[in-house]
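Coordinate analysis (summary)
Below, each chain spelled out in residue letters.
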Amino acid sequence: QERETGPLLEHIASQAARLLLCERASIFLWDKPRKELVGRPALGMPNNELRMPDTAGIVGQTLSTGEPRIVQDVRDDPNFTGKIDKASGFQTRNLLCVAMRDQEKQIIGVLEVLNKAADYTPDDVATMEALATQIVAALHNVRELEALVRSNQELDGQARLAARIVGASTPIVALRGTIERVARTDLPVLILGESGTGKDVVARALHYSSARQHHPYIPINCAAIAESLIESELFGH
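Residues numbered from 1 in each chain as written. Predicted model: local features only at pLDDT ≥ 70, side-chain atom pairs only at ≥ 80, totals over all residues. Heavy atoms only, no water.

Overview of the pattern of salt bridges
Stated formally: Any Lys or Arg side-chain nitrogen found within 4 Å of a carboxyl oxygen on Asp or Glu counts as a salt bridge. Each residue gets one of three labels from its accessible area relative to the maximum for its type: buried under 20%, exposed over 50%, partly exposed in between, using a 1.4 Å probe on protein chains only.
Going through the model one piece at a time under the given rule, you end up with 10 salt bridges. Of the charged contacts in the structure, one is a salt bridge between R75 and D73, with a shortest N-O distance of 2.9 Å. Its relative accessible area of 74% is what places R75 among the exposed residues. Judged by relative accessible area, which is 23%, D73 ranks as partly exposed. Several salt bridges share partner residues, and in doing so they unite D31, R34, E36 and R51 into one network.

Following this line, the structure appears as structure tokens:
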């Protein structure tokens, strides 16, 4: 149901922590060009986000090897530095990390849970790996949706620019007023004018000023249709 990456990661992390009876969970996505791991949610950090080198700590080891890492007591692991705890104010006691892989089996990040009351078990690892698969699928779907929304907004913005009627002269101001009045109705509109006077621009302005602005604007060039086919093309057989 989530439609954006940030809320999706926060929702999954809270559910992962609840499922494994842990205090917290974080999802680290690999920003490969910058050689960084970006973790969310990171409570106590600016913007609820944590950025660190992709080789840092136990999460970095999981990323490089692809193997699950269980640390039953962080005090016994030399790779645990505690720097993130100092920055966030959180105290880590134990942790479990598993790699997240895409459909091509390439590692794209790490799923981590922190502070379980009991020891981690092989069943916990299996649960985390199953969760990681679901996370990657959900993340892929949301990112595709975000890309479609961005593309749609860009195209919509370009179309609206093409519908702008620029000018401050009396006829242009009167034309804009007429368009605003007519656009509020459901009346068919006939736009008359010589070639090059901007009839298509007025038609677009009418569309993007009306209640139909979020629906497609579909121009049809009747001059390119044979006279015998115009009726069928516009109104059907």
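Let's pick the thread back up.
Let's talk about unusual backbone geometry
Put simply, the rule is: Strands here mean DSSP runs of E at least two residues long; helices mean DSSP runs of H or I at least four residues long; both are numbered from the N terminus.
The phi angle at L21 is positive, at roughly 60°, despite the residue not being glycine. Structurally, L21 is set in the loop between α1 (5-19) and β1 (22-31).

Remarks on the packing of α1 against helix α4 (residues 122-162)
Worth spelling out the cut-off: For helices, the fitted line uses only the C-alpha atoms of the stretch in contact; every axis is such a line through C-alpha atoms, and the angle between N-to-C directions lies from 0 to 180 degrees. Between 65 and 115 degrees an angle is taken as roughly perpendicular, under 35 as roughly parallel, over 145 as roughly antiparallel, and anywhere else as oblique. Helix crossings get a hand from a simple test, with the near helix turned counterclockwise from the far one by less than a right angle marking a left-handed crossing and a clockwise turn marking a right-handed one. Note on definitions: a residue-residue contact is assigned when non-hydrogen atoms from the two residues lie within 4.5 Å. Amino acids are sorted into nonpolar (Ala, Val, Leu, Ile, Met, Phe, Trp, Tyr, Cys and Pro), charged (Asp, Glu, Lys and Arg) and polar (every other residue, Gly among them).
Close contact between α1 and α4 brings their axes to 10 Å; oriented N to C, the two are set at 165°. It follows from the interaxial angle that α1 and α4 lie roughly antiparallel. The interaxial crossing formed by α1 with α4 has right-handed handedness. Between α1 and α4, the contacting residues are T5, L8, L9, I12, A16 and L19 on the first element and T127, L131, I135, A138, L139, V142, R143 and E146 on the second. Among the residues making up the contact of α1 with α4, the classes are represented as 10 nonpolar, two polar and two charged.

With respect to the pairing of strand β5 (residues 95-101)
Quick note on the threshold: DSSP bridges decide pairing: two strands pair if at least two such bridges lie between them.
Taken across its seven residues, β5 has six buried, putting it largely inside the fold. Pairing between strand β4 (residues 69-71) and β5: three bridges, direction antiparallel. Each bridged residue has a counterpart across the sheet, and for R69 the counterpart in β5 is C97. Bridge count for β5 against strand β6 (residues 107-116) is seven bridges, and the pairing is antiparallel. From the neighbouring strand, L96 faces β6, where its bridge partner is V113.

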